[in-house]
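# Chain and residue survey
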Amino acid sequence: MTDVIVVGAGPAGSAAALLAARDGLDVVLLERGPFPGSKNAYGGVVYGRVLDEVLPNWWDEVPVQRWVTRRSTMVLTEGRALTVDFRSTDWGKAPYNGCTTFRADFDSWLAGKAVEAGAQLVTSTVATGLVVEGDRVVGVRTDRSDGDLRAPLVIAADGVKSFLAKEAVLLPRTQAKHLTLGVKEVLSLPREVIDERFGVRGNEGVDVEILGCTRGIPGGGFVYTNRDSISVGVVVSVEHLAAAKVRAEDLVADLKAHPAVAPWVEGADLKEYTAHLIPEGGYDHLPPLSTPGMLVTGDAAGLCLAAGIWLEGVNFAIGSGLEAGRHARRIIETRDEKPYRAALEETFVLQDHKRLRGAPGVVLSERVQQQYPGLIADLVQGLFTVTNPTAKPGVVKLLRAAAKNNGVKLRHLMTDGLRGGKVFR
Amino acid sequence: MAEPRLVAVLARCSDLRVEVDALTGAVSRDARTVAFSSSDAAAIEHGLQLASAWGARTLVLTAGGPECDGPLRDVAALGAEVRRVATHGSYVEELAADERALARAMVSAMGERPDLVLCADRSADRGTGALPAFVAHELGVVQAPGLVSLERDGNELIAERRLDFGRRERMRVPLPAVCSVEAAGTRLRRASLPASLAAARFEVPVAEVAVPGPAVRVLGSRAARPRPRHLPAPTGSSRERLLALTGALLSHEPPTVIGPVDASGAADALLEFLARNGYLSEARTGYAAS
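Residues numbered from 1 in each chain as written. Chains lettered and ligands numbered in written order. Predicted model: local features only at pLDDT ≥ 70, side-chain atom pairs only at ≥ 80, totals over all residues. Heavy atoms only, no water.

The subject of this paragraph is the overall build of chain B. When helices and strands are counted, chain B shows nine helices and 13 strands. Each of the three principal axes of chain B carries a C-alpha extent, and together these read 105 × 50 × 35 Å. Burial statistics for chain B: of 290 residues in total, 38% are counted as buried. Residue pairs at least 24 apart in sequence account for 67% of intrachain contacts in chain B once pairs closer than 6 positions are excluded. For chain B, the accessible surface area stands at approximately 17000 Å², while carbon and sulfur atoms represent 53% of it. Looking at chain B, you have 34 positive and 35 negative side-chain charges, and the mean spots of the two groups are 3 Å apart. (Helix = DSSP H or I, 4+ residues; strand = E, 2+ residues; numbered from the N terminus. Buried < 20%, exposed > 50% of the residue type's maximum accessible area, 1.4 Å probe, protein only. Contact = heavy atoms within 4.5 Å. Areas by Shrake-Rupley, 256 points an atom, 1.4 Å probe, with all protein chains shown as cover. Lys, Arg positive; Asp, Glu negative; His and termini not counted. Charge placed at Lys NZ, Arg CZ, Asp CG, Glu CD.)

Below, the structure is given as structure tokens:
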């Protein structure tokens, strides 16, 4: 008798299956690909500290590409770049902070932990729908013959386009407004070339988040280092991308051609091109996280934190999955799904989303996306341009000029400053 | 002949997405992408169909390590018996393995004499296509290679083989036989969900048959790089070498200056030059080399 069906062996699903199986429940973990992670386009920085409690010393075995010891935020305009760069040797040793990884490796590893705990992994099987009795979900339909599987609890971890959450009317059929599109190129370079270009050694890696590289389409760019490749890409609003009639790969080409990025990617061979939808609606647009008989986790629940300097998804997926798995037995016994939401409210998963609920509105606003990069670049260029024999201009004068030049009124700056301060306080 | 009782399928399980480093020649294999090739899968599907029609058992054998257990479990979920012949060599050693010895080991692992043996026409990674012939030799039965379709005709088979120019050859194959098949549009069926769940924890039987090591031993493998040629270091200064290359200051025949002359004078001068350098005979031109 199956107790829990987990749909999707990504980070959320495997984390849920891991704790539910450890709790002695009979768990079936369904995966549509031939192995966990095989269909995944994402590859990025994974912050694994969420695993401390359930997989001690996870860092000794996680399939890491590089440990991120250098974190940069870059503002680009045409021909100009301002970078705030931070590095810490603390992030290069246990318990580490974040690592770059390929999700095909990471997901397989985490699903392996769930299997070790007793979960039964069934691959190459698509959950095509729900089995519902009355108002209660009692199982899933799959694309295999005789493919209905019943259980008192279904955990939907089937990703951003969750068919199950849509069928349960937890997610709208289309939700482009709250989705971004991430496109990424993996570019092959020798390891020593990456070390030299990015100023790192050994397992050290770099994560660069970029603003102002998307032709004014709300979003941003990224560059991060893998062992012998680098990933370059952009994440942009689906709605605005469609309205701008721009192809996402052209934005990546722009980014690669920028003078600040071109030297990093010079001579690299394209190894992989992928695209992936990301739920970035934030706390105010989270769907209901459960329905009788079913919990929704990870991207399916829109639990991806996109708050400017923080772009995190996998840790929130794992966090929500762990809470689903942890409370599975209680939910089965009481037929009450409320403890799941309550548990999420008590953890970073919903606390961070709630605290930063205004962040998407600030970060993706027109001024931040289209005007402030130019303003910042003008201001910094003015500060560092030596205009002798003319005396140096004052900062306020430069700021006024930069604001005027970019169509920003000073009251806008103050308003946005206050708004940003309120969001990120 | 009595009704067939056992259809054996020898399926090769291999990594279908092997990556080879272009610089170092290093081969990286991934156990997660180990699977049956489309031809192997077609052989299994033919085996299941024929065994079902005859009321016979299907036994699927593969030689390899534990990474083959996953695909074998999937086949077990389809109702076939499965068995793995354990091999302990490295990938490179496997590539150089003696296929006759492997065929002998596989036949031995079958446990009983099969009525029909099915194989892929060639494996995805080796590609010699020699194994079916060795198996047929071991069993002392007929062999039909390169088949695109197999139909039951009583206790015999009607097989079709691809020929040049789009033609097909239709054959009657008596049993017992070894048949190797192309994928040719035949796809392996998917197991039902209950069967997949039941097979997920199935322990794949392992036959510890002694597979002799390769007759040809691999001493090492690396990317092909031609040895550098040893050239003597150049002698003399760079100026001297430059002069030697260009012949700038060496004595040479000075250029012939003709003219200004009229057309007949120019023709005479040309003929004289050719005769002087041996391109024209004196008799033919009337000009003697000066």
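Now that the structure has been shown, the text picks up again.
Core analysis: the largest hydrophobic core is formed by 79 residues, its most contacted members being V27(A), L51(A), V140(A), L164(A), M294(A) and I318(A). With seven residues, helix α1 (residues 11-22) of chain A is the largest single contributor of residues to this core. Other than its neighbours up to four places away in sequence, V140(A) contacts I5(A), V7(A), L30(A), G129(A), L130(A), V131(A), G147(A), D148(A), L149(A), V154(A) and L164(A). Formed by 40 residues, the second largest nonpolar core is a distinct cluster that contains F36(B), L48(B), A51(B) and A159(B). (Core = buried A, V, L, I, M, F, W, Y, C linked by side-chain atoms within 4.5 Å.)

Residues R32(A), K39(A), K161(A) and R17(B) make up a contiguous surface patch of positive charge. Secondary-structure assignment places R32(A) in the loop between β2 (27-30) and β3 (43-46). (Patch = residues over 30% accessible without salt bridge, like charges linked within 9 Å, V, L, I, M, F, W, Y side chains within 5 Å. Salt bridge = Lys/Arg side-chain N within 4 Å of Asp/Glu carboxyl O.)

The next subject is helix α4 (residues 191-198) of chain A. All names here are of chain A. Among all positions of α4, only I194, D195 and F198 are buried. Looking straight down α4, one finds that the buried residues subtend no more than 100° of arc, so they occupy a single side. α4 presents E192 and E196 as exposed residues on the side facing more than 90 degrees away from its buried surface. On its buried side, α4 packs onto β4 (66-77), β5 (80-87), β13 (204-211), β14 (219-225), β15 (229-237) and α7 (262-265). (Arc of directions from axis to C-beta.)

Let us look at a nonpolar patch on the surface. All names here are of chain A. Taken together, the side chains of L383, F384 and V395 make up a nonpolar region of the molecular surface, amounting to roughly 320 Å² of accessible area. Positionally, V395 belongs in helix α14 (residues 395-405). Assessed through its relative accessible area of 49%, V395 is described here as partly exposed.

It is worth spelling out the sheet that holds strand β9 (residues 136-142) of chain A at this point. All names here are of chain A. The strand order β8-β9-β10 describes an open sheet built from three strands, whose pairing is antiparallel. Taken across any chain shown, the strands that pair with only one partner, and hence form the sheet edges, are β8 (127-133) and β10 (148-150). Across the sheet, the mean angle separating the axes of adjacent strands is 30° when strand polarity is ignored. As defined by bridge partners, β8 adjoins β9 across six bridges and the pair is classed as antiparallel. Bridged to L130 within β9 is V140. (Pairing = 2+ DSSP bridges. Axes fitted to C-alpha atoms, helices over the stretch in contact; angles between N-to-C directions.)

This next bit is on the environment of V45(A). Residues and elements named next belong to chain A. Its place among the elements puts V45 in strand β3. For V45 and I309, which are 264 residues apart along the polypeptide, the C-alpha to C-alpha distance reads 13 Å. Residues within four places of V45 in sequence aside, it is in contact with V68, G98, C99, T100 and D207.

All right, on to the domain arrangement of chain A then. Residue and element names in this part refer to chain A. Looking at the assigned domains, one finds that chain A contains domain 1 (4-66 + 98-173 + 284-357), domain 2 (177-279) and domain 3 (365-424). Facing 18 residues of domain 1, the contacting portion of domain 2 comprises 24 residues. Counting the contacts that link domain 1 with domain 2 gives one salt bridge. In this structure, R66 and D195 form a salt bridge, with 2.9 Å as the shortest nitrogen-oxygen distance. Per-element tally for the side of domain 1 that touches domain 2: the top contributor is β3, with three residues. (Domains from an automatic or database assignment.)

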